[in-house]
Amino acid sequence: MLQHITIPRGPIELAADLYLPDGIDEAAPLSAVVLSTPGSSVKEQIGANYAARLAARGIAALVFDPAHQGQSGGEPRDLEDPYRRGEDISYAIDALSTIPGIDPERIGVLGICAGGGYAVHTARTDHRIKAVGTVVPSNIGTSFRSFQPDGVAAALDAMADTRIEESRSGELARVTWLPDTLEEATVIGLTDIDTTQAITYYRTERGRNEHSTNRRLSRGDSLLLGYDAYHLVDQLMTQPLQVILAGRIGNTGSYESGMQLWKLAPNPIDLLVIDGAGHYEMYDEPEYVDAAVDRLVNFYSNNL
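Note that the coordinates shown come from a computational prediction; the quantities given were computed from them, not determined experimentally.

**Student:** Report on the sheet that holds strand β2 (residues 12-19), specifying residues and quantitative values.
**Tutor:** Strand pairing within a sheet occurs via backbone hydrogen bonds; the two strands may be parallel or antiparallel. Taken in spatial order, the eight strands make up an open sheet running β1-β2-β4-β3-β5-β6-β9-β10, and their pairing is mixed. Two strands in the sheet have a free side with no partner beyond their single neighbour: β1 (2-9) and β10 (268-274). Geometrically, the sheet is characterised by an average inter-axis angle of 25 degrees between neighbouring strands, direction not taken into account. Looking at chain direction, β1 and β2 are connected through eight bridges and run antiparallel. Following the sheet pairing, Gln 3 is matched in β2 by Leu 18. Contacts from helix α10 (residues 254-264) reach β6 (129-135), β9 (241-246) and β10 within the one sheet, and its direction differs from that of β9 by about 160 degrees.

Next comes the structure, spelled out in structure tokens:
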């Protein structure tokens, strides 16, 4: 059962989809999970694949478009602000806690890719979150810092110059998350399997969505470079943790990030490495998604 809802977030609203098990009984409140999705994705993509499966197994699941993206409000558009992404999760919990039939004392999070880092970062200080599930979690700050060929300080200097130019011109610069086509990727020499699978998911009929622009506001990149999703996790994130990783280690860094999280967390409960799966295959390949959801359902059932 799917309900389209809006989540109040200060002066704007977030567009969200609530997946509910059939035959919900308000006399027996449900546990629920808020999904935090990958950077550049919208609620109809990866989040929906997991939310629908969780609901089919008896767990309510809420997935939303981040502020400034998809069908949610917020200007400027296409902003990826890691701190606001975390705040979005807390606003989603505010809304979810008021829905009849949902037990506000049994709410967890599920973060996927960059959303895994955002979920962890939020759970450190929002202890309404009772359990933290992650699938191919990424610390987006670590990833962005690793992408800078001349170092982070030089990148920040260049971003400062760009922002000065934007202030003069009144035009905000945007960049692509990925090449828009496989042909564009080949021209610039990006032919590795992870980039190919990312493009095949996001930019073809397999996973494309009209509300996912594949564009990122450049001025948000300085925030990403200074961000650490795992800061103080060892001291603050006391909730039970589930980590699910793709067994084929590629260049996304999610395997290494997930292992780091597992070692840092004070209360790690379960670690699953899915043999044969690549990072982006964990987004929609039924064999791998079903294996992840089986483990997640067990985790949430025992910890919510």
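**Student:** Quick rundown of the packing of aromatic side chains? Include the residues and the values.
**Tutor:** For the structure shown, the criterion picks out nine aromatic pairs. Their ring planes at 80 degrees and their centres at 6.1 Å tell us that Tyr 202 and Tyr 283 sit as a pair that is edge-to-face. Of the two residues, Tyr 202 sits in helix α7 (residues 193-202) while Tyr 283 sits in helix α11 (residues 281-284), which places them 81 residues apart along the sequence. By the burial criterion, Tyr 202 is buried, and Tyr 283 matches it. Arranged with centres 5.2 Å apart and planes meeting at 80 degrees, the rings of Tyr 280 and Tyr 283 form a pair that is edge-to-face. Residue classification places Tyr 280 among the buried positions, given a relative accessible area of 13%.

**Student:** Describe the packing of helix α2 (residues 82-96) against helix α3 (residues 114-125), and please don't skip the residues or the numbers.
**Tutor:** A pair of packed helices can be characterised by two numbers: the angle between their axes and the separation between those axes. It is the contact of α2 with α3, at a shortest axis distance of 9 Å, that shows an interaxial angle of 65 degrees. It follows from the interaxial angle that α2 and α3 lie roughly perpendicular. Crossing hand, α2 versus α3: right-handed. Contacts from Pro 82, Arg 85, Gly 86, Ile 89 and Ser 90 in α2 reach Gly 115, Tyr 118, Ala 119 and Thr 122 in α3.

**Student:** Please set out the pattern of salt bridges residue by residue, giving values where relevant.
**Tutor:** If charged atoms from side chains of opposite charge come close, those side chains can pair. Here the structure, examined in full by the defined rule, presents 19 salt bridges. Arg 248 is the salt-bridge partner of Asp 194, the closest N and O atoms lying 3.6 Å from each other. A residue pair is termed long-range when its members are at least 10 positions apart, and Asp 194 in helix α7 and Arg 248 in the loop between β9 and α10 qualify at 54 residues. Here Glu 205 and Arg 208 are joined by a salt bridge, their closest N and O atoms 3.5 Å apart. Residue classification places Glu 205 among the exposed residues on the basis of a relative accessible area of 68%. The structure contains a network of salt bridges with shared partners spanning Arg 9, Glu 87 and Asp 88.

**Student:** Tell me what's going on with the nonpolar core, and back it up with residues and numbers.
**Tutor:** Counting 46 residues, the largest nonpolar core has Val 34, Leu 62, Ile 89 and Leu 96 as its most contacted members. Leaving out residues up to four positions away in the same chain, Ile 89 has contacts with Val 34, Ser 36, Phe 64, Val 109, Tyr 118, Ala 119, Thr 122 and Ile 129. With 41 residues, the next largest nonpolar core counts Tyr 19, Tyr 288, Phe 299 and Leu 304 among its residues.

Parameters and conventions
- Residues numbered from 1 in each chain as written.
- Predicted model: local features only at pLDDT ≥ 70, side-chain atom pairs only at ≥ 80, totals over all residues.
- Heavy atoms only, no water.
- Pairing = 2+ DSSP bridges.
- Helix = DSSP H or I, 4+ residues; strand = E, 2+ residues; numbered from the N terminus.
- Axes fitted to C-alpha atoms, helices over the stretch in contact; angles between N-to-C directions.
- Contact = heavy atoms within 4.5 Å.
- Phe/Tyr/Trp six-rings, centres within 6.5 Å; stacked < 30°, edge-to-face > 60°.
- Buried < 20%, exposed > 50% of the residue type's maximum accessible area, 1.4 Å probe, protein only.
- Parallel < 35°, antiparallel > 145°, perpendicular 65-115°, else oblique.
- Left-handed = near helix turned anticlockwise from the far one by under 90°.
- Salt bridge = Lys/Arg side-chain N within 4 Å of Asp/Glu carboxyl O.
- Core = buried A, V, L, I, M, F, W, Y, C linked by side-chain atoms within 4.5 Å.

Shape is all these values report; function is a separate question.
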